Structures are given as C-alpha cells and as structure tokens.
Amino acid sequence: MAISLRLERRMGASLAMRIAVPILAVAGGLATGAFVMALGGHDPVEAYNDMWQGSLGSAEGLQSTLIKATPLMLTGLAVATALRVGLWNIGGEGQLIVGAIAATGVGLYAKALPGPALLIAMILAGIAGGAMWAAIAAIPRVLIGLNEIIVTLFMNYIAILFMDNLIFGPWGDPKAFGFAYSRALPDNATLPLIPGTGVHIGLVLAVLVAVGAWWLMERTPWGFSVRVSGGNPRTAEYLGLRIGRRMVIVLAISGAIAGLAGAIELTGVTNRLQEGISVNYGYTGVLIAFLARGRLLGVVVAAFLFAALVVGSYALQTTGVAQPIATIIQALIIVFLLAGDAALAFRLRFMPNPAMAEAVAGGRL
Amino acid sequence: MVLTNQASAGAAPDYGTAPDSSGPLLEARGITKSFGDRLANDHVDLTVHAGEIRALLGENGAGKTTLISILCGQYRPDAGHVAVRGHPLAPGSPRAALQAGIGVVHQDFRLVPRFTVTENVVLGTSARGGGKADHDVAERARAAGLQLDPRAPTWTLSVGELQQLAILKLLYRGLDILILDEPTAVLSPPQSAELFKSMRRLAASGKSIIFITHRLREVTEVADEVTILREGRVVADRPVRGLDHHQMGVLMVGEGKTGSSLEGSAGGAGESMLGLHSVVVEGRGVKALDGVNLEVRRTEIVGVAGISGNGQTALAEVAAGIVRPVSGQRTCSARAVAYIPEDRLNRGLVGTMSVSDNLAFRRYGNRSMSHPLWLWTDRMRALARQLIAAFNIPTKRPGSAVAEMSGGGLQRVLLARELSEEPDLIVAAQPTRGLDVASAAMVRAQLARHRDRGAGVLLISEDLDEVLDLSDRVVVIFKGAIVAEYANGAFNRAEIGLRMGGEGAA
Amino acid sequence: MNFWVNSLSAGIELGTPLAYAALGELIAERAGVMNLGVEGMMLMGAVVGFIVTLGTHSAVAGFAAAIAAGAALASLHALMTIGLRVNQIVMGLTLTILGGGLSAYIGTGSSGRRPEVNISAIPIPGLSSIPVLGKVLFTHDVFAYAVPFIALAIWLLLYRSKFGLWLRATGEQPGAADASGVPVFLIRYLAVIAGGGFAGLAGAYFSVVYTRGWAEGMTNGRGWIAIALVIFGSWNPIVVLIGALLFGFVDGLNFQFQSIGVPVSTHLLAMMPYVFTLVVLVATWTRTRHRHVGMPEALGLPYEREAR
C-alpha cells in the first residue's frame, strides 16, 4: 500500500503544543549542537553545564545575561515597532552605531556639562542619531517605493565605516596604538547601576521603552491607525490615512530605539566608542522580534532568553570550546524554533491512499 | 512523463489501453474534503460521459469549487477517488490530472500577466515559446474561432480575451474533459450565448464539459445533465430535460428558502446626494472612466449594469471619494458616505486585525472610543458585540482575526461598519458576489431599507438580475462610459443585455 | 592614465565574485525565493574551497567542493522556506549566522596558510597587448573571462528555454504555473540550490584566487552587496553583471587612491561603493519601475497548493 506524506494547514494549535514545541525546538538545537561538539572532541555535557552556569545558573551569570539582554531587547523592539507599519528594519545595527557615535560626540565635545546633564544629553543625542539614520532610510521607500530592506542594510555598512573613520582618526585614543577605540569618556558619562546589583539602569530603560512602545502602538488611536496602515495599505488609503508619513515617523521611532541601545551600550558597558560596540545586535533583533511573533512585550522575554544563550556561549569559550561553535548552536536553535513554528502551523499527515496505490501498481507514477 | 507536445497536441493522450467507449469518461466516487471543521464535500459522486455537457449547480459555498479543485489535482480529497476512462487518477497532482486529460478554466484564469499569449498557452508543455510556438498557437486559435494575438502581453487583454486564452490553453493540450468555473460571470448575455455555442461545438466533437454556475437560466440553455450540490452533498443528479427553474431553485437552496422579492421604492427620489459631471479617471495610462455623468438622489437605488472590467471599480472609487477624477467634477452633499468595496478583504478590511478592530475603523478616533492618548478597547469590543448581534456576524469572539472568516462573514463585517452610521449615500460594488444565499438576501434587504430611510444608493453589480430586481433606475456602463439609462418600469432585459456588450442603438 | 587602467582592471577582478554571487541570487529570486543568506553561503564556499584546495592541491576540486558547500547550505534554506514555508527574510538572516559560525569553525587553524595552486591571470595573446583596453579586459583569470558568458547563458536560459519559462512562471504566478502542470516546488528547490552553488563559487574565488588565504568573515559583507545588485540590475542577468563590475570598479578605486597616496581616510574610501550603489539605486528607481522590470511578483511569498 502506498503511503503519502503531506503538510496540511492546522486550524489552531492547542496550548500544550504551543508550549511544548518551542521547548522541544530548543532541545533539538542543543542536541544538534552537542553532536557538533562531540565531533570536535569536546564533552557536550560539561559544555552545557558551563553554559548554564555562565548564563542563568549563577548570580554572576544572570547579571551578565541581563546586561546582554538590554541592547537585544531594544533592537528587537526597534524591529517589532517598524513591523507595525509593515516595514522590515534590517538597519538596527547601523542605527545603534550612529546612536553611539552621536552620544560619543556629545561626551567628547560637551564635557563641561555638569553631573547627570552630560549623561542625559548623550542619551538624547543617541536617540536623535538613530532616529535620523532610520528616517533617511524611510524616505526613498515612501517617495519612490525603493525596498527598505536594502536601504537599511546598506546604511549599516556606511555607519560602521563612518565609525571606523572616527575611531582610527579624529576621535582615536592616541594611546591605543592602532587599537580600534576612541578616547575615554568623562566619568560622569557612565550609567549608574541598579542599586544592589551590577546591572546598569539601561535595563530599566529598555523595559520602559517596551511598555511605552506597546502603549503607543496598541493603546493609542494613532498606533491603531499605524497598524491599519501596516496591515493593509489599500484599506488605509481608503480610510484616508497618510501611510507615507506614518512610515517615516514609525521608522524614526524604530531607529530612535536602536539609537538608544547604542547610547546605553556606550555609557553602560564600553565607555568608549569602539569597534564591536554592536555584536550583530541589529540582525539579532530581527530574529528576536520574529521569535516573539512581533509582540512588543513578547520581545522582552525573547531578548532575555536569547541573551542567556549568547552569554552562555561566551562561557563555553572559557572552557575551551571554540567561539564559532557557540554561534553555530545559536543558529541551530533558531532553525529549530523556525521549524517548530511551521509545526504549529501545519501538521504532517501520513495517509494510506488506495487510489495512489493503484496508480503505482498500474505503472502510471 | 512527457506532456502532450506540439506535434501530438490535439490528439487524445495515449493511455496504454484503448479508450473504453461504453463507460464514463470521468468518474468521481465518494469525494470527501473538509477544511477545519467545515465539510466542503461530503461523499460527492460525479459521472461524466464523452460528448456531454454537465452543469454543476449550487449556490456559493455549496462545494462546487472544492470539487473541481479536487478533479484537477489542486486539492487532495480526504476520501474518495477519481477515475478517468476507468484508470484511477493520482490525487493531489495537477500534472497527473492534465495528463489524464482534465483541464480547468478557473474563475481567475490562472495566467501569468507578464507572459505573452503564446507563453501562457504553452506553459507546462514541452514548448518554450518563440516564433514557432507563436505560429502554432495562432493556428490553433484560428481553428477554434478565437481572435487572439499570440504575441500580445497577457496583461493587455480584456476579461473576455483572458477567458478565450484560458480555453485555448486547454485546447492546445488536446484535453478532453473541460471544466469551466462560472465562465459567464464576466460575459455579456450575447457573449455568453456565443460561449454556449462553442461549448456545444466542443461537446459534439466528443469532449466532455463540466460547466459550473449558479444561474438556473444557463443550465436549461446549454446543459444536458445537471448535478446539484447543496452544503457539500449531491442533492440531484439527472437530465436537465423535464426540470423547471422552480424545481432546480428549490433543490439548490432547499425548501422554503427561496428568495423573496423586494418592494420598490416607497416615494419618489429626493434631493441630489452625489453628482458626477464629465468625470474622467485614468489607470495604467488608460482611461478607466471616460466622461461619466451620473446622479444619485435621496430615496433611490441607481443600478449600474455592465460586464466586469468596463470601469466599475473606478466608478465605485470615484463615487466613494477615494479616487480623484483627472478631469470633471464630483459633487457630494451627503454627510456620511458608506462604501462597500468589491474586493472586501483587500480594500476595506485588515485581515490580520480582529473583528472588533475592523468594526471600529471609522470610529476609533471619536470621543466615545478614545482619547488621543488612550484607546478604550473595551468600548470597541462592546460596539463589536452589538454589531455582531445586529448583523449576524458569524464569529464567536470579537477578538478573532478577520482573515479567518468566510466571504459572507467578511461582507457582514463591512456592512455592519459602513451602514451602522446611517449614511446618506451608499456606494455598493458587487455587494453579493461570492456570498451564500442568506448573506446575499441580507445585503439586498439592507440596501432597500436604507434607501427607504432616505439614503441614496449606487449599486454596481455584474449580476443583471440583481440590478433589475433592486434598482429604481438603471444605467449601463460600457468601456468607461454610461451608454444607456432606463427609468423604473422601463427595464428591458434583452435590450440592457445588448447594451452591456456595446451593441444596440446609441 | 595608468591610474585609470589599474582601477578598471581591479574593478573587473573585484566585480567578478560579486557577479557570480549576484547571478546565483538572481536565479533563486526569479523562482520567487529571496535568500538573504548569501554572505553565509559565500563564507562556507570560501572556507571549504580553501581547505580542499590545500589538501588536494587541485583548484578544480576546491571549487567543486565550494559549490557543493554553498548548495548544501542553500538546500537548508530551501527546505525551510519552500517545504516548511518559514519566513524567507528571517531564515536568510539565520543562514548568514549559521554560515558565519560553521565557516569559522571549519577554518580554525587554516588561517595563515597559503594554497600551492595559483590561478593566475592568463593574458590573452595578442588581445592583451592592445593599448589600454588590453590591460583592462584581457589580463584576467579564467573566472573573469567566463562571467560574461555565464550571464548570457542565464539570460538565454530565462528567456529562450522551456525551463526558463517554467522558472519565470514559478516566480511570477506559482498558482498559474502549478495549474499548468509545472513542477513548482521542484523548480524552486533547484533554483535556490543552484543559487547557493554560485555563492559558494564566489566565496572560493575570494579565498583561493583573490586573497589566497582564509580569514574569519573574510567576505566582509560582499554577500549583502550581491543581493542589492540583483535589485540594482532589476533581475536582468546582463544588467546585474554590469552593476557588479561597476561596484567592483568603485571598490577598487580605494586601493588605487591609497597606492597613489590620496590623503583621504581608507574608511571613507571604503564607504564609497555603498554610497555609490545607494545613490544610483535612488536616482534610477521610480515608483513604477519595478512593474516594468523583472521583479518577480511572487518574490518572498511561500506557495501553498491548498491555500484558499
């Protein structure tokens, strides 16, 4: 008897599946990662134990995870916000960097600002820088319909090279001898810590931004009109909404969030403008927004879990497993999660098929 | 696995055994298919003999399209099987269905707009387009009595020409079971008559035709046999001879559910609500509307009859105020305008948003629903519950996504939103197309009710019977211009039919 | 004079791998599948091609392995996006990360080595001695000579073959193609996998021919440029090739400026090709242009036979 195998659209998955599938997906990713490690002669059990200790299993690890979650949360929010108006912002990387550049500029040239004023000015500059960089990318889309993915992507490279130009040139630290970082920022340009922890208050800002973005997009009439525009431009046009203006504003907001991430990384973590201030945060934000299914508050959770994964992979390196393996494991987990999404949307059906069996027997297939 | 190639195009495909002339050409047994918990086909049997024209009759949602999608391999049945000339057909393979000789002219034609006529015709066969194929296609078109330029880009063709192209595509492959899905929906009455003639010619040459329709008149006009579907089941399978329209109607929609006719307008028409004066609209560099003059007054339904693609969409959008005319003038004295677009999901709704959100599109900015800094989603849901009850919207939760609804559900959401504000002008484009009988009757009743309340209604429909039944005044649109106007009581179906096709006295 | 001859010649050299990668992406996109993982596939091609060349001392084996590596990564994209209908943008980004990690892992310990084979430029006798033009056009390696013919072959495949007709129909209207008996899924798989093969080849060109060495992340964003070039060239293989060479030329100016000692930051010069491509895209794009040119209508959309 011939058996046919096919995918069928599923009509709503059960709650149990919705919970079980992502867990199984992560397990599948980790298991495949274990296989890769075993191939490379490493002990996966030991490695994963290190990963756990380094990310969620110890106070220190949890602290690192929370610090890492901050920029990821913000870039994820940037992407999810832009998706509300139907745009893919792949330029979080560049917007983050331009935000960091702008904040550094203020930090280096407005040193005279007293106390917290300098810090606030730097953060505002970061927000403005990111917003401007993103708005520039929105304009060709609105005016001539040029795909925003390509424009935002290209502007990442321009931003990175512009930063390189500054840190190897005018802003470079003369004591760095070819190392890629700027002069140090003044002491009052450092983000304070959350009392009683080693985590800077950027984390609080990021959560506030998540709530604010949710409120703006889901609970204001303007946000409602943005969702209509993103959901179906033709309907928005029919309702008389100006889609182009909303695209520019929303992408500017999206860029502002990414720019804030840049200012926070600068003032909370690196304290200098330096190469690698963004470790693919912009691109990772796209994945985080997708894994959160575009939900703004879901991004907070997804970013935290992703940060745990990233920080856990750093712990791997210290135990001798090569850093590329950590990257591979991250990618594998995403692949499994994406496949899991498909499993929730479709179901595989094996069915005995008499007509087909006859067709096979009759030599017609 | 070589498809009918050019050389053998026209000849019957070789099945390895001699065709069995006594048995049926096509036989489907126990076809069952469900989508979620909805049973679209429930043990459907269908038999077609060579040289036969079989009508597949049923209202929208009866399962006709599902059945033919299974026959042509696009859908795979949950149970049941199809056999052609006694050989079982592999399910779920369009390729296998084509090889067995089954071809469909879909309602949307399934053509590639950027391809030339020839490229569309030969797509899927061993030919690749180019000069020789152009020649072959031109020859075959001539033989079939079709006037198509093989080198014309498909996007430049009219709807009638697209249909001819889709038919030519099947003839070129030499298929002998032709399925036509509601082919007359896009044709004028004279064009339909022409199509029926070709269908009879094809049947006489030994081809079998399955003809899908929901118009009783057409069944008696062209079909030999009829299969009637209701709610996914076969309720009749018999010769057409000896069956009258009333009997068919009852079989199609069930006892006691046949439509009631509506009362005409109570009083005369009042003040002008909408005026179009020499309006010109351009789309893709062509004039979609060319100097249209039209007035809609209070307490009247103005029906616009015409074959699809003659400027109806542009007329609806200009009348609703969405599109500005290139020249000419639109005057509108209505306080509130309701618009029921023909493409409901793509122009009027947002599929990814909830029923409750979609119902609030015109009101979310009002004081009652929001403050600039806060949207009262609970009030939106309360409004939604009220409208869901009033318009019988088939949804369990106001929060469920609109995209999950059927055509009738979508139209009810639109009507509920647009009509709940007591508009003075209603522009309704193809408001009953694709709806089940109950929803369609409701739409018609709503239009009549609002007319009686004092609204002016512009009803644009390709269903001539609907236009004639509902309207107080009828105009005919042809090639972007109003070519005829008829006052109440002076409707002449035959003459209007001619005018729709661009014929008759100017 | 010498400056411009060198720049143009360098442009061809730098543009060649971009052209291969972009032509591969064009094939996939013409079938309706966007693959943003070009960068990852190039890196895989680069490292696998490099190591196999080192081990076998055969560039042919190296390139074959590189093509296979790119195709293997592409088949994961195909399986996920065509088979499981995962979002193409998200899967493409994931593929880039995966390719980056895998290539770095495989290449650990290979950096600093140099393959013994040398695919050197083969000046074409006679033609290469033509003043100016000879140096610019006829002093390259076999890949550079081949690329115009490959672009032409792809053009012929698209517009003059049955397979091309089927491929274009699949990218334009998969529903229409399917109803006509075109094996839509098979064609999409083949196109994506072929695209990956081209990206793998382009990657190996960097590691085996151009720099003759392996470094982590060595393609340095060229994969993304290849994707942009497809749009830039409006899905036409000939225009895509011209765009790649143009980009290569602007990229090459950087080195030429440095070699003659122009006092501008190398980073600002390196920015030029990106700015240049963006400016050209913006300047030549009009709202309706993509309708007249080849942007496949179903690009980015998964096809489901039973979708209603």
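Procedures and definitions
- Each chain has its residues counted from 1, running along the sequence as written.
- Chains carry letters and ligands carry numbers; both start at the beginning, A for chains and 1 for ligands, and go up in the order they are written.
- Thresholds applied to this predicted model are a pLDDT of at least 70 for local features of residues and 80 or more for the giving and counting of side-chain atom pairs; totals over whole chains, interfaces and linings are not thresholded and use all residues.
- Put simply, DSSP H or I for four residues or longer makes a helix, DSSP E for two residues or longer makes a strand, and each gets a number counted from the N terminus.
- Put simply, the radius of gyration uses C-alpha atoms, and a globule should come to 2.2 Å times the residue count raised to 0.38.
- Put simply, a residue is buried when 20 or more other C-beta atoms lie within 10 Å of its own C-beta and exposed when 12 or fewer do; between those, it is partly exposed, and each C-beta is set from the backbone.
- By the convention adopted here, residues are in contact when the distance between their C-beta atoms, placed from the backbone, does not exceed 7 Å.
- Side-chain classes follow a simple rule in which Ala, Val, Leu, Ile, Met, Phe, Trp, Tyr, Cys and Pro form the nonpolar group, Asp, Glu, Lys and Arg form the charged group, and the remainder, Gly included, forms the polar group.
- pLDDT is a per-residue confidence score from the predictor, ranging from 0 to 100.
- Two strands are said to pair when DSSP picks up at least two bridges between them.
- Only the stretch in contact is used when a helix axis is fitted, and all axes are lines through C-alpha atoms; the angle between N-to-C directions ranges over 0 to 180 degrees.
- Here a nonpolar core is just a set of buried residues of the types Ala, Val, Leu, Ile, Met, Phe, Trp, Tyr and Cys, joined wherever their C-beta atoms sit within 7 Å.
- Our angle categories are set so that under 35 degrees counts as roughly parallel, over 145 as roughly antiparallel, 65 to 115 as roughly perpendicular, and the remainder as oblique.
- A crossing counts as left-handed when the near helix is turned anticlockwise from the far one by less than a right angle, and as right-handed when that turn is clockwise.
- Given the number of residues in a helix, its expected span is that number minus one, multiplied by 1.5 Å.
- To get the bend at a residue, fit one axis to the 7 residues ending there and another to the 7 starting there, then take the angle between the axes.

Draft legend 1. Region of interest: the overall build of chain B. Scanning chain B from terminus to terminus reveals 15 helices and 21 strands. A compact globule built from 506 residues would reach a C-alpha radius of gyration of about 23 Å, and chain B, at 24 Å, matches this within 12%. Seen through its principal axes, chain B has C-alpha atoms that stretch 75 × 50 × 50 Å. Expressed as a percentage of the 506 residues in chain B, the buried residues total 51%.

Draft legend 2. The arrangement of the overall build of chain C in detail. Counting secondary structure elements, chain C contains 13 helices and zero strands. Listing every helix and strand of chain C by position from the N terminus yields α-α-α-α-α-α-α-α-α-α-α-α-α. A compact globule built from 308 residues should have a C-alpha radius of gyration of about 19 Å, and chain C, at 19 Å, falls within 12% of that. Projected onto its principal axes, the C-alpha coordinates of chain C cover approximately 65 × 45 × 40 Å. Out of the 308 residues belonging to chain C, those deemed buried represent 57%.

Draft legend 3. Up close: the interface of chain C and chain B. Across the boundary between the two partners, chain C contributes 17 residues, which contact 18 residues of chain B. When residues of the side of chain C that touches chain B are traced back to their parent elements, those giving at least two are α7 (162-172) and α8 (174-179) of chain C. If one sorts the elements of the side of chain C that touches chain B by residue count, α8(C) sits on top with five residues. Tallied by class, residues from the side of chain C that touches chain B come to seven nonpolar, five polar and five charged.

Draft legend 4. Broad picture of the confidence of the model for chain B. All names here are of chain B. Residues with a pLDDT of 70 or more make up 92% of chain B, whose mean pLDDT is 86. Within chain B, helix α8 (residues 245-253) has the poorest average pLDDT of any element, 82, and helix α3 (residues 117-122) the best, 96. Contacts of residues 1-20 to residues separated by more than four positions or lying in other chains number 31 contacts, the stretch itself having pLDDT below 50. Confidence over residues 257-261 falls short of pLDDT 50; this stretch has seven contacts with residues more than four positions distant or in other chains.

Draft legend 5. Layout of the interface of chain A and chain C. Facing 35 residues of chain A, the contacting portion of chain C comprises 36 residues. Mapped by element, the contributors of at least two residues to the side of chain A that touches chain C are α5 (115-144), α6 (148-168), α11 (281-291) and α13 (323-345) of chain A. With twelve residues, the top contributor of residues to the side of chain A that touches chain C is α13(A). By residue class, the composition of the side of chain A that touches chain C is 27 nonpolar, six polar and two charged.

Draft legend 6. Broad picture of unusual backbone geometry. Residues and elements named next belong to chain B. Despite not being glycine, R85 shows a phi value in the positive range, around 55°. Following the sequence through the fold, R85 ends up in the loop between β4 (79-84) and β5 (87-88). Take R85: there are 22 C-beta atoms within 10 Å of it, and that puts it in the buried class. Notably, S278 is not glycine yet its phi reads approximately 45°, a positive angle. Judged by the 13 C-beta atoms lying within 10 Å of it, S278 falls in the partly exposed class.

Draft legend 7. Expanded view of the sheet that holds strand β14 (residues 327-332) of chain B. All names here are of chain B. Ordered in space as β12-β11-β14, the three strands form an open sheet in which the pairing is antiparallel. Strand pairing shows two members of the sheet lacking a second neighbour, β12 (286-297) and β14, which therefore form its edges. In this sheet, adjacent strand axes meet at a mean angle of 15° when their direction is disregarded. Of the pairings in the sheet, the one linking strand β11 (residues 272-283) to β14 comprises five bridges and is antiparallel in character. Counted as the bridge partner of G275 is T331 from β14. Packed on one face of the sheet, helix α9 (residues 312-319) meets β11, β12 and β14 and runs near 130° to β11.

Draft legend 8. Structural context of the sheet that holds strand β1 (residues 26-35) of chain B. Residues and elements named next belong to chain B. Read across the sheet, four strands follow the order β2-β1-β4-β5 without closing on themselves; strand pairing throughout is antiparallel. Only two strands of the sheet have a single partner each, and these edge strands are β2 (38-48) and β5. Sheet analysis places β1 next to β2, joined by seven bridges and oriented antiparallel. In the sheet register, E27 faces β2, and the bridge partner there is T47.

Draft legend 9. Just the environment of C:L14, in detail. Residue and element names in this part refer to chain C. Mapped onto the elements, L14 comes out in helix α1 (residues 2-30). Residue L14 is classed as buried on the basis of its 23 C-beta neighbours within 10 Å. Sequence spacing of L14 and L73 is 59 residues, and the spatial spacing of their C-alpha atoms is 24 Å. With sequence-adjacent residues up to four places away left out, L14 is seen in contact with G248, D251 and G252.

Draft legend 10. Main features of the nonpolar core. Formed by 375 residues in total, the largest nonpolar core has its most connected members in A:V299 and B:V427. Every residue in contact with B:V427, bar those within four places of it in the chain, is listed here: B:A316, B:A319, B:A320, B:V337, B:Y339, B:I340 and B:L458.

Draft legend 11. The packing of helix α12 (residues 296-318) of chain A against α13(A), seen in detail. Residue and element names in this part refer to chain A. The interhelical angle for the contact between α12 and α13, taken along N-to-C directions, is 150°, at an axis separation of 8 Å. What the angle tells us is that α12 and α13 run roughly antiparallel. The crossing of α12 and α13 is right-handed. Together, L309, V310, S313, L316 and Q317 of α12 and Q323, I325, A326, I329, Q330 and I333 of α13 make up the contact between the two elements. Residues belonging to the contact of α12 with α13 are distributed by class as follows: seven nonpolar, four polar and no charged.

Draft legend 12. Molecular detail of helix α6 (residues 142-160) of chain C. All names here are of chain C. If you check α6, its first and last C-alpha atoms are 26 Å apart, about what 19 residues at 1.5 Å a residue would give, namely 27 Å. The largest bend along α6 reaches roughly 30° and is located at P148. Here α6 has its buried residues at F143, A144, V147, A151, I154 and L158. Turning to α6, the residues buried within the fold contact α1, α7, α9 (184-210) and α11 (237-259).

Draft legend 13. Structural context of the environment of C:L268. Within the secondary structure, C:L268 is located in helix α12 (residues 266-284). In the structure, C:L268 is positioned 14 residues away from C:N254 in sequence and 9.0 Å away in space, judged by C-alpha atoms.

Draft legend 14. View of helix α3 (residues 59-83) of chain C. With 25 residues, α3(C) extends 34 Å from end C-alpha to end C-alpha; this agrees with the ideal 36 Å at 1.5 Å per step. Immediately downstream of α3(C), the backbone of C:R85 shows phi near 60°, a positive value.

Draft legend 15. Structural context of the packing of helix α4 (residues 92-109) of chain A against α6(A). All names here are of chain A. Between α4 and α6, the least distance of the axes is 7 Å, while the angle of their chain directions is 30°. When the axis of α4 is compared with that of α6, the two are roughly parallel. Here α4 runs over α6; the crossing is left-handed. On α6, the residues touching E93, G94, I97, V98 and I101 of α4 are M155, N156, I158, A159, I160, F162, M163 and L166. Class assignment of the residues belonging to the contact of α4 with α6 gives a composition of ten nonpolar, two polar and one charged.

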